[in-house]
Amino acid sequence: MLAGLSSGEAVWDWDLGADALFLSPGFREHLGLPVEGGAVCPRDWFGRVHPDDLQWLEATLRPRHDEGGRRFIIEHRVRNGRGDWTWLLVRGSAIAGSDGSVTRVIGTAADITERKEAEEKLRISEERLALAAAATNDGLYDWDLRTDRIYYAPRWWALIGLLPEEEANGPEEWLNRVHPEDLIWLQATLDAQMSAGGKPFQIEYRIQHGRGGWRWMLCRGIAVMDASGEPVRLVGSQSDITDRKVAEEQLRMSEERYALASQGANDGLWDWRVQEGEVYYSPRWSDMLGLPGGEWVGTMEDWFALVHASDLPGLRAAFELHLSGRLDHLEHEVRIRHDSGAELWVLIRGVAIRDALGDAIRMAGSMTDITARKRAEQQILFDAFHDGLTGLPNRSLLMDRIGQTIDRRRRPDDPPCAVILFDLDHFKTVNDSLGPNVGDEVLRILAKRLEDQRRAGDTIARVSADEFGVLMDGVVDVKAAMTAALRLSSAIAEPIRLPGMRGRGWLDGVHGW
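Computed from a predicted structure; not experimentally measured. (Residues numbered from 1 in each chain as written. Predicted model: local features only at pLDDT ≥ 70, side-chain atom pairs only at ≥ 80, totals over all residues. Heavy atoms only, no water.)

## What to know about the overall build of the protein chain
Note the cut-off: For the purposes of this entry, the term helix denotes a DSSP run of H or I that reaches at least four residues, the term strand denotes a run of E that reaches at least two, and both are numbered from the N terminus. To get the radius of gyration, use the C-alpha atoms; to get the globule rule, take the number of residues to the power 0.38 and multiply by 2.2 Å. For every residue, the accessible area (1.4 Å probe, protein chains only) is compared with the maximum for its type, and the residue is labelled buried under 20%, exposed over 50%, or partly exposed between those bounds. Any two residues whose heavy atoms approach within 4.5 Å at even a single point are treated as in contact. Computed with the Shrake-Rupley method and a 1.4 Å probe, the accessible areas treat only the protein chains shown as cover for residues. Positive residues here are Lys and Arg, negative ones are Asp and Glu, while His and the chain termini are left out of the count. By convention, the point assigned to a charge is CZ for Arg, NZ for Lys, CD for Glu and CG for Asp.
Broken down by element type, the protein chain carries 17 helices and 20 strands. For a compact globule of 513 residues, the expected C-alpha radius of gyration is about 24 Å, and the protein chain comes in at 53 Å, more than 25% above that figure. On the principal axes, the C-alpha backbone points of the protein chain span a range of 170 × 60 × 40 Å. Taking all 513 residues of the protein chain together, the buried fraction comes to 38%. A sequence separation of at least 24 residues applies to 48% of the contacts in the protein chain between residues at least 6 apart. With the model as given, the accessible surface of the protein chain reaches about 29,900 Å², and the carbon-plus-sulfur share is 53%. Looking at charge distribution, the protein chain has the averaged site of its 61 positive side-chain charges lying 5 Å from that of its 82 negative ones.

Put into structure tokens, the structure is as follows:
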């Protein structure tokens, strides 16, 4: 104790018989007592002890009478002169008297507050790490590079379907389970940390599960360097990302199937984010319209600007009906301008994605080039009402227009109409003597002559093999109709030079009714 006093250490001496306590100046300073004060008693010490520590301190410092020579160490908190708590490490020994019973307890005290604060910070840090690892479902590892031993947390083992093994603490427990195709990359990543200067890393790889099969892991870590900059530890975690990788693969396959289906269908795709106003146009969409640049992002107005003016109101209405929920899906045909100036027919399809309130937040669909189909439909419609040889309206179209003309004339003072029929006499002779090709050419020439003489609004039709009909709308009277008939008959009565005949061939006997 005298050595302690001379060195200024915090020492204490408790006389159990007299219940007198000696505290060195250093100890008094720990308790916030005057350094040069008078005598003190045990309650001057115990009264400043933290309530949680008092019971253990008193039990330790009050040995039984037969415990002479017993040594002890205890840590406890005391209130210092600033009102804060100071952690003290107390070492002591029970001293026996001449009769062998304990008469004194002496020892030293050291301020360990900084150590305890550091331990508490470390505990909190480790607790945070453990909670974070539990929350993220990560398995922790700590690789001592000097001993080449690795600590694997219980969760690390659980992720690969195994129970923790105390003796299994080598790198081979980890690396031997890694998929051969991924092992070289994992080893290269770990080796690179030796010279990475403490930079974090992460890598994805497959590892064999204890119940068979492969699990995808995301490994993160960082090298811990010593004072000289040499790596001494590699610490980190790994988490199971198998579900994510499976989902990514399924998404990739789905997108691949969709891309193949789109290519097979030869459709242009579009994706409209309604709230942002942005529209994604696929490369095929651009190619279809001859636009350069492949895929691009624009607006709906960029699209609508290309639509034929006559078709645009209907397209806008179709979009509005679907966005408002009055149509289950969008399907509309319009004409659209190609970059070359040509006009295309396209079929636009789409469907909206809605939020919980039913409002459209996104709409996606396709655009299909139906120009060939529309032209075929128009040709079929034209052929149904026109003569294939001359291109003139046929009997059906003539009768339809006659009916429409008659329906329009409901009042007595409406101008009348007239129908004139022309029959080509001896046309069969032309076919039999010169062949059907020459006969067809005669019909085309005569049809052209009649078409050239036609007034605007009149209809000239081929009604049978050698008959033509003319519907004249708005004639003044019968005389005007007869004048028109003579004019048309004169046109077709002009001589026609026919191949295979000498001189000129004449068609006569044309009659009009």
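Let us keep going from here.
## Some words on the sheet that holds strand β9 (residues 214-225)
Using the following cut-off: Only when DSSP finds a minimum of two bridges between them are two strands counted as paired. Axis definition: a line fit to C-alpha positions, over the contact stretch in the case of helices; interaxial angles, taken between N-to-C directions, run 0 to 180 degrees.
An order of β7-β6-β10-β9-β8 is seen for the 5 strands of this open sheet, with the pairing classed as antiparallel. Unpaired on one side and paired on the other, β7 (149-152) and β8 (201-208) mark the two borders of the sheet. Going across the sheet, the axis of each strand differs from the next one's by a mean of 25 degrees, ignoring polarity. Of the strand pairs in this sheet, β8 and β9 are connected by 8 bridges, and their pairing is antiparallel. Counted as the bridge partner of Arg206 is Trp216 from β9. Sheet strands in contact with helix α8 (residues 180-192) are β6 (139-144), β8, β9 and β10 (231-240), and its direction is about 150 degrees off that of β8.

## A few points about the packing of aromatic side chains
Stated precisely, the cut-off is as follows: To pair, rings of Phe, Tyr and Trp, with the six-membered ring standing in for Trp, must have centres within 6.5 Å; the planes then decide the type, stacked if under 30 degrees apart, edge-to-face if over 60, and tilted in the middle.
Counted by the stated rule, this structure contains 21 aromatic pairs. Ring geometry for Trp14 and Phe46: centres 5.7 Å apart, planes at 75 degrees, overall edge-to-face. Residue Trp14 is found in strand β1 (residues 10-15), and its partner Phe46 is found in helix α3 (residues 42-46); the two are separated by 32 residues along the sequence. Exposure remark for Trp14: the relative accessible area of 1% places this residue in the buried category.

## Thoughts on the packing of helix α15 (residues 427-434) against helix α16 (residues 436-453)
Counted only if it meets this: Here the word oblique covers every angle except those under 35 degrees (roughly parallel), over 145 (roughly antiparallel) and from 65 to 115 (roughly perpendicular). Amino acid classes used here: Ala, Val, Leu, Ile, Met, Phe, Trp, Tyr, Cys and Pro are nonpolar; Asp, Glu, Lys and Arg are charged; the rest, including Gly, are polar.
Running from N to C, α15 and α16 point in directions that differ by 140 degrees, and their axes come no closer than 6 Å. Considering the angle they form, α15 stands oblique to α16. Along its contact with α15, which presents Phe427, Val430, Asn431 and Leu434, the element α16 presents Pro436, Val438, Gly439, Val442 and Leu443. Residue composition of the contact of α15 with α16, grouped by class: 7 nonpolar, 2 polar and no charged.

## Description of the pattern of salt bridges
Heads up, the rule is: We define a salt bridge as a contact between a side-chain nitrogen of Lys or Arg and a carboxyl oxygen of Asp or Glu at a distance within 4 Å.
One pass over the full model with this rule turns up 36 salt bridges. Between Asp271 and Arg362 there is a salt bridge, and its shortest N-O distance comes to 2.5 Å. Of the two residues, Asp271 is situated in strand β11 (residues 268-273) and Arg362 in strand β16 (residues 360-369); the sequence distance between them amounts to 91 residues. Owing to a relative accessible area of 29%, Arg362 belongs among the partly exposed residues under this scheme. Among the ionic pairs, Asp458 bridges to Arg455, the shortest N-O distance being 2.8 Å.

## A word on unusual backbone geometry
The backbone of Asp19 shows a phi angle near 50 degrees, a positive value even though the residue is not glycine. Relative to the assigned elements, Asp19 resides in the loop between β1 and β2 (20-23). Its relative accessible area of 41% is what places Asp19 among the partly exposed residues. In the Ramachandran plot, Asp148 falls in the positive-phi region, its phi being about 60 degrees despite a non-glycine side chain. Looking at where Asp148 falls in the secondary structure, it is placed in the loop between β6 and β7.

## Points about the sheet that holds strand β12 (residues 278-281)
Here we have 6 strands laid out as an open sheet, ordered β13-β12-β11-β16-β15-β14, and antiparallel in their pairing. Each edge of the sheet is formed by a strand with only one pairing partner; in this case those strands are β13 (296-298) and β14 (330-337). The sheet shows a mean angle of 25 degrees between the axes of neighbouring strands, direction not considered. On the sheet, helix α12 (residues 312-323) packs against β11, β14, β15 (343-354) and β16 and is oriented at approximately 155 degrees with respect to β14. Against the sheet, helix α13 (residues 371-384) makes contact with β14, β15 and β16, and its axis sits at roughly 120 degrees relative to β15, the strand it touches most.

## So, α16
For clarity, the cut-off: Expected span of a helix, by definition, is 1.5 Å for each gap between consecutive residues, and there is one gap fewer than residues.
A rise of 1.5 Å per residue sets the reference length of α16, with its 18 residues, at 26 Å; its end C-alpha atoms lie 26 Å apart and thus fit the reference within 8%. Close packing links the buried residues of α16 with α15, β18 (459-464), β19 (467-473) and α17 (478-492).

## Section: the side chain of His50
Of note, His50 is situated in the loop between α3 and α4 (51-61). A relative accessible area of 14% means that His50 is categorised as buried.

## Some words on the pairing of β1
Across the 6 residues that make up β1, a large majority, 5, are buried. When β1 meets strand β5 (residues 102-111), the two strands line up antiparallel, connected through 6 bridges. Its bridge partner being in β5, Val11 is matched across the sheet by Thr108. In this sheet, β2 lies alongside β1 in antiparallel orientation, the contact comprising 4 bridges. Across the sheet, residue Asp15 finds its bridge partner in β2, namely Ala20. Between the end of β1 and the start of β2, which pair antiparallel, lie 4 residues, with Asp19 showing a positive phi angle near 50 degrees.

## A word on the confidence of the model for the protein chain
To keep things clear, this is the line we draw: pLDDT is a per-residue confidence score from the predictor, ranging from 0 to 100.
Within the protein chain, residue pLDDT values average 86, and 92% of them lie at 70 or more. Long-range and interchain partners of residues 1-8, a stretch whose pLDDT sits below 50, account for 8 contacts in this model, where long-range means more than four residues apart.

## Overview of the side chain of Gln193
Short version of the rule: Polar contacts here mean pairs of N or O atoms no more than 3.5 Å apart (in protein, one a potential hydrogen donor and the other a potential acceptor; neighbouring residues in sequence count only if both atoms are side-chain atoms).
Structurally, the position occupied by Gln193 is in the loop between α8 and β8. Assessed through its relative accessible area of 6%, Gln193 is described here as buried. Within the structure, Gln193 has its side chain in polar contact with the backbone oxygen of Thr189 (distance 3.4 Å). In this structure Gln193 touches Lys199, Phe201, Ala223 and Leu234, once residues within four positions along its chain are discounted.

## Quick word on the environment of Val475
If you trace the backbone, Val475 turns up in the loop between β19 and α17. Taking the C-alpha atoms as reference, Val475 lies 6.4 Å from Pro415; in sequence the two are 60 residues apart. Non-local contacts of Val475, meaning those with residues more than four positions away in its chain, are made with Pro415, Pro416, Cys417, Ala418 and Arg455.

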